Each structure stands twice: as structure tokens, then as C-alpha cells.
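# A structural walkthrough
As a plain string of letters, each chain reads:
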Amino acid sequence: MLPDLLVPLAGEYQFFNLFRYITFRTGGATVTALFLSLLFGPVFIRWLKANQKEGQPIRDDGPQSHLITKIGTPTMGGLLILAAFAISALLWTPLSNPYMWPVLSVALVFGAIGSVDDWMKLRRRSHHGMSGRMKMGLQLIVAFFATLVFIQLSPSDVRYGISVPFMKDTIIALGLFYVPFAMLVIVGASNAVNLTDGLDGLAIVPVMIVAGCFTLIAYLAGNVNFANYLQINYVPGTGELAVMCGALIGAGLGFLWFNAPPARVFMGDTGSLALGGALGAISVATRHELVLAIAGGLFVLETASVILQVASFKLTGKRIFLMAPLHHHFEKKGWAESTIVIRFWIIAFMLGIVALSSLKLR
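Residues numbered from 1 in each chain as written. Predicted model: local features only at pLDDT ≥ 70, side-chain atom pairs only at ≥ 80, totals over all residues. Heavy atoms only, no water.

The subject of this paragraph is the pattern of salt bridges. This model, assessed by the stated rule, comprises 5 salt bridges. Residue Lys121 is joined to Asp117 by a salt bridge in which the shortest nitrogen-to-oxygen separation is 3.4 Å. Of this pair, Lys121 and Asp117 both sit in helix α5 (residues 100-124), 4 residues apart, roughly one helical turn. For the pair Lys121 and Asp117, a shared accessibility class is recorded, and that class is buried. Lys135 is paired through a salt bridge with Asp117; the nearest N and O atoms lie 3.1 Å apart. Residue Lys135 is located in helix α6 (residues 132-153), and its partner Asp117 is located in helix α5; the two are separated by 18 residues in the primary sequence. The burial state of Lys135 is the same as that of Asp117; both residues are buried. (Salt bridge = Lys/Arg side-chain N within 4 Å of Asp/Glu carboxyl O. Helix = DSSP H or I, 4+ residues; strand = E, 2+ residues; numbered from the N terminus. Buried < 20%, exposed > 50% of the residue type's maximum accessible area, 1.4 Å probe, protein only.)

Written out as C-alpha cells, the structure reads:
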């Protein structure tokens, strides 16, 4: 909204010419989302506490320390992230950009699904909320329509293909199989972040790292000169997604202020499903789905630990890990929560560097 209103003034006033630049608006979106989160966070948390007397339900079969340190902490803090993200994105991204709306829709609808799930858990005083089939079905429907929009917006040469990291000019054509693949990326990213969100601050920092990677990817992929020089697939219009990534980073930083150990609020499924869905949608829009798997490698590891644990128990009756997801395994081994969180952050940061190096930059 803001760029649409101010860009016409750029020719008359030199200052307003800044609003033509994606880099300036990305910074503006980051600061705006951070400011909104910090400003309204305390009031919002007090409101959550007033309406969630007992806080988020804690699993009885989880680490015993959680029954002491986390009981009474309110959930659904993802609403704060979503509000700051959406408002900032709408203020700093041109409303005429076609990529903004499907990405924002995925984030908001996935957030709504997570909110219903969180509300059901609070109402039942149980960690069981919406049924897995219902939640997955709704996510797949949203991902299906978002994928169709992205395909329609994409250039013909990359419409049904995926680029391969570390390999120049290599695109794997999937044909119509690209539709279920893209749906899997969006829904998979959403649920992978959800599985990772189990310790104070554990999920939000890797989310910001991945968003930072895609800030650069979106900017380069949406600029014909940079894309051609660096031999990255040019996808017109995706440069504006850098602004949305900036808004995501700012909202995440503001939330981390309150989610840092010991957390005053949890994001809940409201935040984790929305954040993962947004990152998945951005990766599909920019045609860097496989880079998401590298940058978000921590989420992949957490998800893989759950899959391996379940498969091993069903096939052999034995567990590979003391508890899944992976971060709980290290808790059971006696690692301090802060140690796990910081070491996982380091892993996420290193994976982000690897992901950026895979962009075939010269």
C-alpha cells in the first residue's frame, strides 16, 4: 500500500524515490514488523495469559523438565508474528504484485488452521487438537491452489521444472508431477517447522535464517540483470518477495524477544504452520525448492528423526532415538535446553551458508 501511494511522488521529490528500491523497502518492512512486535507484544501476551489460565497443555510423555519450566506459558503467540508480518508486508509491498497475495494467503490460512488446532488443545486441555487428516487435508487444498497460481505466473521455461543446486542451467522437467511436488514442499515445510518448535527459541531463529537466504534469492531471481549474470532462473516479479522475507525476519526478531529462554509465550501451531507454509510458498514462487531443503536442513533433520523413529518402532519394535523429534533426544541425554537451542542455531546458520553457496554464484 505504501509504495503504491508514494511511488508517483518519486519524480517530484527525491526522498520518495527511495521507495522504488526493493532494498530500501525490505529494510523498511523489517524495521516495521520488528517495531509492531515489540510495541504490541507485552499487551498481547497479557491478553493471552488472561484468556489461557493454564497455558499451553504440556505432554505427560515429554521431558519431565517441561512439566516444571513450561507449565502456564500461553500459546498462540504466532498471531503476533502473523499480524506484524502481514501489516508490514502490505505496507511495503506493492499491492499490484501478483506473488504477494498467494504467499500471504498461504501464511494466513495456514495460521488460521493452526489457530483452530491450538484452540482445540486449550479447550480439551490436551496436546491432541485437530485431527491429523483434517489438518493435512486443509493444508493440501490451500497448497494446491497456491501452486496453480505460481505455475500460471511463472515463465514458460521453468513453469513445470525445478532447478538443481550447484549445477548451472540444470532444470528437471516434472510436467504435471510438479503440482504434487510443489504441494509437498509447501505442506512439508509447514509441518517441518511445526515439529521443530519444541524448545524456547528453537524454531524462530532457523526460520529467520531461511528467510534471510530467500531475501537474497528472491531479489536476485526477480532482477533480470543479476539473474542472467549469475545464471539463476529469472522469475519476473519475485523480487518483491524479498520485502516479504524482510517482514518475516522483523516479525521473527520481535517474537524472539518474548520467546527467548525462558519463553513468555509460545508461537503454537498458529505460528509454526504459517511460517513454514510461507517459506515453502516463497521457495516455489522463486523456483528454488531444493535450496529450501538445504537452508532448512535443520527442519529436515527434525522431520526425518520422527519418520525414522516411527518406522523403526513399527518394523522392529525398537526406537532409534530416546525421543523424537531430535531435540528431545538430546534433552533425554541430559543436555541443557539452552545448549541444544544454541547448537541447533549454529547448525541452521551453517546450512544457510551452504544454501547460498549452492546458488551457482560466480
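From this point, the narrative continues.
Let us now look at the nonpolar core. Ranked by size, the top nonpolar core spans 97 residues in total, and within it Phe85, Phe110, Phe150, Ile204, Leu241 and Met244 carry the most contacts. The leading source of residues in this core is helix α10 (residues 241-259), at 12 residues. (Core = buried A, V, L, I, M, F, W, Y, C linked by side-chain atoms within 4.5 Å.)

Residue Pro261 is joined to Pro262 through a cis peptide bond whose omega torsion reads -10 degrees. Here Pro262 shows up in the loop between α10 and α11 (268-286). A cis geometry characterises the amide bond from Ala324 onward to Pro325, with omega recorded as 0 degrees. Topologically, Pro325 is positioned in the loop between α13 (297-316) and α14 (326-332). Positive phi is not limited to glycine here, since Gln231 has a value of about 60 degrees. Unlike most non-glycine residues, Arg287 shows phi in positive territory, near 65 degrees. Within the secondary structure, Arg287 sits in the loop between α11 and α12 (289-295).

Let's shift gears to the environment of Ile162. Here Ile162 lies in strand β1 (residues 161-163). For the pair Ile162 and Thr196, spaced 34 residues apart in sequence, the C-alpha to C-alpha distance is 26 Å. Apart from the residues within four sequence positions on either side, Ile162 is in contact with Thr170, Ile171, Ile172, Leu174, Tyr178, Phe181, Glu289 and Leu290. (Contact = heavy atoms within 4.5 Å.)

In this structure the tally under the stated criterion is 8 aromatic pairs. With a centroid separation of 6.1 Å and 25 degrees between ring planes, the pair formed by Phe44 and Trp47 is classed as stacked. Pair noted here: Phe44 and Trp47 are both in helix α2 (residues 22-51), with a separation of 3 residues, about one helical turn. Since its relative accessible area comes to 17%, Phe44 is described here as buried. (Phe/Tyr/Trp six-rings, centres within 6.5 Å; stacked < 30°, edge-to-face > 60°.)

Turning our eyes to something else, we now look at the side chain of Thr270. Position of Thr270 among the secondary structure elements: in helix α11. A residue is classified by how much of its surface remains accessible, and Thr270, at 0% relative accessible area, is buried. Excluding anything up to four places from it in sequence, Thr270 contacts Met76, Gly78, Leu79, Leu82, Gly111, Gly114, Ser115 and Asp118.

On to the confidence of the model for the chain. Detail in the predicted coordinates should be disregarded across regions flagged by low pLDDT. On average, residues of the chain score 89 in pLDDT, and 90% of them are at 70 or above. No element of the chain has a lower mean pLDDT than helix α3 (residues 66-69), at 56, and none a higher one than α10, at 97. (pLDDT = per-residue confidence, 0-100.)

A few words now on the environment of Asn194. Along the chain, Asn194 turns up in helix α7 (residues 178-196). Separated by 82 residues in the primary sequence, Asn194 and Gly276 place their C-alpha atoms 7.6 Å from one another. Filtering out sequence-adjacent residues up to four positions away, Asn194 remains in contact with Asp269, Ser272 and Leu273.

The next thing to look at is α10. For α10, with 19 residues, the first-to-last C-alpha span of 26 Å sits near the 27 Å given by 1.5 Å per residue. For α10, the buried fraction is high: 17 of the 19 residues fall into the buried class. (Expected span 1.5 Å × (residues − 1).)

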